[in-house]
Amino acid sequence: MARAAVQRRLNWLRATVLENRPETARVHRLLLDVPGWPGHLPGQHVDLRLTAEDGYTAQRSYSVASAPEDPRLHLLVERFEGGEVSPYLTDELRSGDLLELRGPIGGYFVWSSAVDRDGGRAEGRRPVQLVAGGAGVAPFLAMLDHHRRTGGSTPVRLLYSARTADDVLAPDVLGPQTTITLTREAPSDWRGLTGRIDRRMLEAQTFAPTTRPRVFVCGPTSFVESTATTLVDLGHDPSWIRLERFGGSGDPS
Ligand SMILES: Cc1cc2nc3c(=O)[nH]c(=O)nc-3n(C[C@H](O)[C@H](O)[C@H](O)COP(=O)(O)OP(=O)(O)OC[C@H]3O[C@@H](n4cnc5c(N)ncnc54)[C@H](O)[C@@H]3O)c2cc1C
């Protein structure tokens, strides 16, 4: 049984692109129909594989940005100028195109209110703190939307760093539990925070270590590393902190 599940997960599936639409200036939303999709937990990702006419293949990972309850798979892809795969996905891919995809992948960077309900009373009462840099918000959109759809009662907060107000992804899913900080420029009527996520911001805007939150941090590698180090400095137990690094060492947000 378990072996069958593992084998199914590792198979490449054929996904049809239903829509490829710009979400912000740098990020596109891919809506995929994946026949045979076995379902996923919020936080899991997929691998996409592109094959050129000469047989050359390139493979990249993308977090599933939609809740398990959504029949279509949503991916949010940030375009890296000069990147091998992301400019193709954002700029070239059209509705009706086929992609090779495998997943869901990952059993570590996942959280769902259903798991909380079944996973013991003490676990369920611990708050969940999410911290995102840029497109690193993608897996948290799946978590938040799932939490809303299932009426979960676990306290959840998201601290989300974006470059500008126009770069904020999926504002409709974020909800009142989200605090946004803009790092580049803010409109004159901006009521949220400004500046990078640092020690002071983490201390003021996230669940205190005394509440023993489970913490998830996702974004570019440098963002994830510095945030995790600061959280530990603030007194969070390293074993409560789960990290997803999107790669790169550049400016996250
Ligand atoms: C588990 C996992 C989940 C991921 N989920 C997503 C997702 O939901 N959305 C998404 O857009 N990306 C996601 N990524 C990153 C994605 O897999 C690719 O790395 C990214 O799309 C760049 O691929 P590329 O071929 O365009 O660039 P490449 O040709 O691989 O790299 C081009 C240049 O961009 C730099 N670079 C690559 N990625 C980043 C980054 N994240 N930040 C800063 N610089 C970078 C590289 O260092 C290099 O200099 C995820 C990665 C992992 C490991």
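Whatever comes next refers back to the structure up there.
For clarity, every value in this text was computed on a predicted model and none was experimentally measured.

Visitor: How should I be thinking about the site of the ligand in this particular structure?
Guide: With respect to spatial proximity, 21 residues lie near the ligand, and among them S61, Y62, L76, V85 and S86 are the closest. R60 is positioned with one of its side-chain polar atoms (N or O) 2.9 Å from an oxygen atom of the ligand. Looking at the shell around the ligand, the elements with two or more residues in it are β4 (57–63), β5 (73–78), α2 (86–92) and β12 (241–245). When residues of the shell around the ligand are assigned to their parent elements, the largest contribution, four residues, is made by β4. For the shell around the ligand, a count of residues per class yields nine nonpolar, seven polar and five charged. Each of domain 1 (2–105) and domain 2 (128–246) contributes no fewer than three residues to the shell around the ligand.

Visitor: Explain the sheet that holds strand β2 (residues 27–33) here, please?
Guide: By way of backbone hydrogen bonds, the strands of a sheet pair with one another, either parallel or antiparallel. Overall, antiparallel pairing links the six strands, which are arranged β4-β3-β6-β1-β2-β5 in an open sheet. Where the open sheet ends on each side, the last strands, each with one partner, are β4 and β5. Strand-to-strand, the axes of this sheet are offset by a mean angle of 40°, without reference to chain direction. Direction of pairing for strand β3 (residues 45–51) relative to β4: antiparallel, over a ladder of seven bridges. In the strand pairing of β4, H45 is matched with S63.

Visitor: Just checking my understanding: could you explain the packing of aromatic side chains for this structure?
Guide: Both the distance between ring centres and the angle between the ring planes are used here to describe each pair of aromatic rings. Tallied over the full model, the rule gives two aromatic pairs. Ring pairs connect the aromatic residues F109, F140 and F216, which therefore count as one cluster. One residue, R126, lies across the ring of W240, its end atom 5.4 Å from the ring centre. Its end group placed over the ring of F207, R157 keeps NZ or CZ at 5.5 Å from the ring centre.

Visitor: Looking at this model, I keep getting lost on the sheet that holds strand β8 (residues 156–162). Mind explaining?
Guide: Strand order in the open sheet made by the six strands is β10-β9-β8-β7-β11-β12, with parallel pairing throughout. The open sheet has two free edges, formed respectively by β10 (193–194) and β12, since each of these has just one partner strand. Helix-sheet contacts for helix α8 (residues 221–233) involve β7 (128–133), β8, β11 (214–219) and β12, and the interaxial angle to β11 is about 155°.

Visitor: What am I meant to see in the environment of R126 here?
Guide: The topology assignment puts R126 in the loop between α4 (121–125) and β7. Classification of R126 as buried rests on a relative accessible area of 10%. Note: C-alpha distance between R126 and P213 (87 residues apart in sequence) is 5.6 Å. In contact with R126, other than residues within four places in its own chain, are T154, R212, P213, R214 and W240. Polar contacts involving the side chain of R126 include one to the main-chain carbonyl oxygen of R212, which spans 2.7 Å.

About the thresholds
Residues numbered from 1 in each chain as written. Predicted model: local features only at pLDDT ≥ 70, side-chain atom pairs only at ≥ 80, totals over all residues. Heavy atoms only, no water. Near = heavy atom within 4 Å. Polar contact = N/O pair within 3.5 Å; in protein donor to acceptor, adjacent residues only side chain to side chain. Helix = DSSP H or I, 4+ residues; strand = E, 2+ residues; numbered from the N terminus. Nonpolar A, V, L, I, M, F, W, Y, C, P; charged D, E, K, R; others polar. Domains from an automatic or database assignment. Pairing = 2+ DSSP bridges. Axes fitted to C-alpha atoms, helices over the stretch in contact; angles between N-to-C directions. Phe/Tyr/Trp six-rings, centres within 6.5 Å; stacked < 30°, edge-to-face > 60°. Lys NZ or Arg CZ within 6 Å of the ring centre and 35° of its normal. Contact = heavy atoms within 4.5 Å. Buried < 20%, exposed > 50% of the residue type's maximum accessible area, 1.4 Å probe, protein only.

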